[in-house]
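# Observations on chain architecture
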Amino acid sequence: MPTYSFFVNGSARTVQTRTDDQPLLYVLRNQLGLTGAKFGCGLGQCGACTVLVDGEAVRSCMMPVAAANGRGVTTIEGLGSPDQPHPVQAAFITEQAAQCGYCASGVVMATVALLARKPKATRAEVQAALAGNLCRCGTHQRILRAALRATGTSP
Amino acid sequence: MSRREPVAVSRRAVLAGGGALVVAFSLPLPGRGQQPPVVEKALGKTLDPTEVDGFLAVNADGSVSLFCGKVDLGTGLRIAIPQMAAEELGIGVERIVLVEGDTALTPDQGPTAGSTGIMRGGVQIRQAAATARAALLRLAAARLGVPAEALEVVNGEVRPKEGGQGVGFAALIGEQQFNLRLDPQAPLKDPGSYGIVGRSMPRPDVPRKVTGRHPYIHDLKLPDMLHARVIRPQAVGARLLDVDDTAVRDIPGVQVVRLGSFVGVVAPDEWDAELAARALVTRWSPASSLVGHEGVPAWMRKGPFDADQKLVGKGDARAVLASAAKKLSATYYWPTQSHASMGPSCAVADIREGKATIWSASQATHRFRRTIARLLDLPLEAVRVVYVDGSGCYGMNGHDDAAADAALLSRAVGRPVRVQWSRADELGWDPKGPPQMLALEGAVGADGQIAAWRTQMWIPRATANLPNIPLLGPADAGMAQPPGIATGLISQNGDPPYATPNVEVLVHWLKDAPLRPSNIRAPGKIANSFAVESFVDDLAAQARIDPVEFRLKGLSDARGAEVIRRAARMLDWKARPSPGPGGLGRGIAYVHYKHGETYVAVAMEAEVDPGSGAIRVRRVACAQDCGLVINPNAAMQQVEGNILQTLSRTLLEEVTFDAAGVTSVDWARYPILTFPDVPEIMIDLVDQPQSPPLGVGEAASTPVPAALANAIFDATGARLRTVPFTAERVKAALAAARRT
């Protein structure tokens, strides 16, 4: 069976999959027990499965695990915890920026990736960066406020 | 390699028993076979909603378990109902443990639908808490030898008002039953003394949701669980002719399950199940002949009809309209729409040894329990349905279908089975919000008020007392199910909420819907209000009266008038008739939800690019009076969600289908609102602490489409009467407006 090694949230992990086309999302959720990233569409259209690979936001439902070999993967669990949230997560908590929350992991990851590139992103820049992350509950306004809060801009 | 427990957080929190509001998930913990202690201990308790013990229990540590038949669908009920109970009991909300929707633990409080979570479910639990508080006072009076009137309940302790030694809940009744009927007359606290209700307390699930720790149904794992995919028919109603499993035979552990025309694959590995579903070759009978989405309006006019029904008949609308000097008429159409949940439906079932346990994101676990018992021919006592959060559903999406799929597959393979739908399954096969058509006629009198009004509706008629909509898997498997359709209450709010001496509302009930329907957020009311409040604007424009003034003139309900004034004020509304001078337009719409619940007015600013037909919504202002507000921040979040989701439905959404089935099966073909198109939103909640709490989950969605249509009319003079407001429809309406 193909074997892949990569870093997940800072720890070296080795996984085996029967086929080399298994998406990273399935490996994270089912083999590594990291269920924060969600399956939304399997088509790269909604962003619910977003994780960081070497700091870039990627759709883990579309990325074969083979493509992550030797790279560094950060999932939502690797950012922070309810007790010690990452600053972006803390901003989301302050703004209560989740309803059902199914899109939340992906939205948080995409926001973290943006702010790593543009720590002082504007509202328009956040809107553009999150254009590929769908939210059905209509939490957008709070998410935008949370992202701006995380930039240090008063929302 | 260790596997992380998906519910570890909640379990730790339960064990820690303090610090934050605890939500107990009665999920089995993989590898331990254990459940959170309060849940484990409570099994066997009464589920009687007329008993205090049905709803609450005092634990050994003095914390209080609440057993709630309503569930949090991402809606904030998880904080709001504990706030109501904590307030009434006299204990901190952080000492409440909430159990939701587990049929083995919670009373049947009906489906979490129709904005009834707080106004019915919460109010019922509040009354149980009030009854319990009175009992705690009596127990403490006996224990302390003082009259109950001299005692008060504070922070989980009953103590003399004068000061002195008190006694805690645990000492009074910890781990014992109240054995007390819920007293509908038990006195409630004066809202003026509230310290917990009315505060924007943070929702306990948000930290878990934004850190990836919140347990969703999709994350549940049981020992020996298999992953499954269901292969849905190639066309609606098609029968399975044969299955060729040659291509899947080399996938480890794969099993193909066929029951009539129901076919699924199960495998120990989820990706293997997915690969098997893709590789399995199935052959189906030819398609049934659906009308197709473009054929729906003509189909609605033609029937077959069940009956006509006059819902409102006041004065003589037809006669007055026939003799009116100036009469307007218009037809409005609302298309079939999907719940379009972000996560596809998912469920886990364990059907073995004559017992069934199902973990589901169902809005109605108790109802589904009865359905499953009937389908599997099991005694009701042998079936347990446990609610676990799903992706937001906004009505009945595929959650019950997926749970039935899992049940059929688990029974067939004798192991726990997790079914997850695909994106195409969800958009293609979730029961749909049905299409609606309305034809309106109206005339304004010399007094500048509506003199006569007539509404005709063409809508599918829901089957009376249908226990459950026919579910896909059992239908394909050839299992008997009570036939019928469900829609929610889709005929409400079809008449103007303004003084009108002559009104007729006539429903042409259709026997069926083009695609299997169900309730979708604010069922029917959104389309009806879209038509009514757009048409009110047309009448106001014809009479050359400002739209706000026109509405206020006909509105005697002070609470309704107040939300209209507040919404207009937020947009700095200047009185003048529509259309305006061009550029940025403004529109307003109002609803008294279901004719007797929440009051909402939405005002909106929008502009149109005449070249492209693109609509830009700038600002949305919403004023809402939903009576007593339990948690303002959570209520506002529902209002925001209503506004944005309904803008999405109005601007973008229509389920497209051909003769065989749904063709809008991904997010490219069923687009929804995205971040770049999010307007600024302003919300004003009217504070009504002395009034009963009303629903917030749906009402504010209702005026949104008409407010937008009215803003576009104000900006351009063009009137949009068909949803979604596509660029083509905008351009056609602009061209029509130029001609007149």
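What you see is a predicted model, and the numbers here were worked out from it, not measured in a lab.

For the rest of this paragraph, the subject is the side chain of A:Glu95. By the element assignment, A:Glu95 lies in the loop between α4 (87-94) and α5 (104-117). The class of A:Glu95 is buried, set by a relative accessible area of 8%.

What follows deals with helix α11 (residues 365-376) of chain B. All names here are of chain B. Along its twelve residues, α11 runs 16 Å from first to last C-alpha, staying within 8% of the 16 Å computed at 1.5 Å per residue. Burial runs high along α11: nine of the twelve residues are buried. Of the residues making up α11, those classed as buried are Thr 365, His 366, Phe 368, Arg 369, Thr 371, Ile 372, Ala 373, Leu 375 and Leu 376. Next to the buried residues of α11 lie β15 (346-352), β16 (355-360), β17 (383-387), α12 (399-413) and α14 (472-476). Asp 377 sits one or two residues past α11 and shows a positive phi near 55 degrees.

Attention now moves to the domain arrangement of chain B. All names here are of chain B. By domain assignment, chain B separates into domain 1 (8-215), domain 2 (218-285 + 345-420) and domain 3 (303-336 + 433-739). Measuring from the centre of the C-alpha atoms in domain 1 to the corresponding centre in domain 3 gives 38 Å. Taken together, the contacts link 25 residues of domain 1 with 20 residues of domain 3. Of the roughly 1,500 Å² buried where domain 1 meets domain 3, counting both sides, 55% is carbon and sulfur surface. At the junction of domain 1 with domain 3, the criterion picks out zero salt bridges. The interface formed by domain 1 and domain 3 holds eight residue pairs in polar contact (both at pLDDT 80 or more) in total.

What follows covers the sheet that holds strand β22 (residues 585-592) of chain B. The strands that make up a sheet are held in pairs by hydrogen bonds between backbone atoms, and each pair lies either parallel or antiparallel. All names here are of chain B. Spatially, β22-β23-β24-β25 is the arrangement adopted by the four strands of the open sheet, whose pairing is mixed. The open sheet has two edge strands, β22 and β25 (680-685), and neither has a second partner. Sheet twist, expressed as the mean angle between neighbouring strand axes with direction ignored, is 15 degrees. The pairing of strand β24 (residues 614-625) with β25 spans six bridges and is classified as parallel. Counterpart to Cys 622 in the pairing with β25 is Ile 683.

Now for the state of the cysteines. All names here are of chain A. Enumeration according to the criterion identifies zero disulfides over all chains in this entry. Summary of cysteine pairing: Cys 100 is not part of a disulfide, and the nearest cysteine sulfur, belonging to Cys 137, is at 3.7 Å. Given a relative accessible area of 5%, Cys 100 falls into the buried group. Not part of a disulfide, Cys 103 finds its nearest cysteine sulfur in Cys 135, a span of 4.1 Å.

Attention shifts here to the sheet that holds strand β6 (residues 157-160) of chain B. All names here are of chain B. The strand order across the open sheet built from three strands is β5-β6-β7, with neighbouring strands paired in antiparallel fashion. Each edge of the open sheet is held by one strand with a lone partner, namely β5 (151-154) and β7 (167-168). Relative to β7, β6 is paired through two bridges, and the arrangement is antiparallel. Residue pairing for β7: Glu 157 is matched across the bridge by Gly 168.

Residue and element names in this part refer to chain B. Counting through the fold element by element, Leu 328 comes out in strand β14 (residues 328-334). Separated by 114 residues in the primary sequence, Leu 328 and Gly 442 place their C-alpha atoms 5.4 Å from one another. If near-sequence neighbours (up to four positions away) are discounted, Leu 328 is found in contact with Leu 440, Glu 441, Gly 442, Phe 535, Asp 538, Leu 539 and Gln 542.

Rules of the game
Residues numbered from 1 in each chain as written. Chains lettered and ligands numbered in written order. Predicted model: local features only at pLDDT ≥ 70, side-chain atom pairs only at ≥ 80, totals over all residues. Heavy atoms only, no water. Helix = DSSP H or I, 4+ residues; strand = E, 2+ residues; numbered from the N terminus. Buried < 20%, exposed > 50% of the residue type's maximum accessible area, 1.4 Å probe, protein only. Expected span 1.5 Å × (residues − 1). Contact = heavy atoms within 4.5 Å. Domains from an automatic or database assignment. Buried area = accessible area lost by both parts, 1.4 Å probe. Salt bridge = Lys/Arg side-chain N within 4 Å of Asp/Glu carboxyl O. Polar contact = N/O pair within 3.5 Å; in protein donor to acceptor, adjacent residues only side chain to side chain. Pairing = 2+ DSSP bridges. Axes fitted to C-alpha atoms, helices over the stretch in contact; angles between N-to-C directions. Disulfide = S-S within 2.5 Å.

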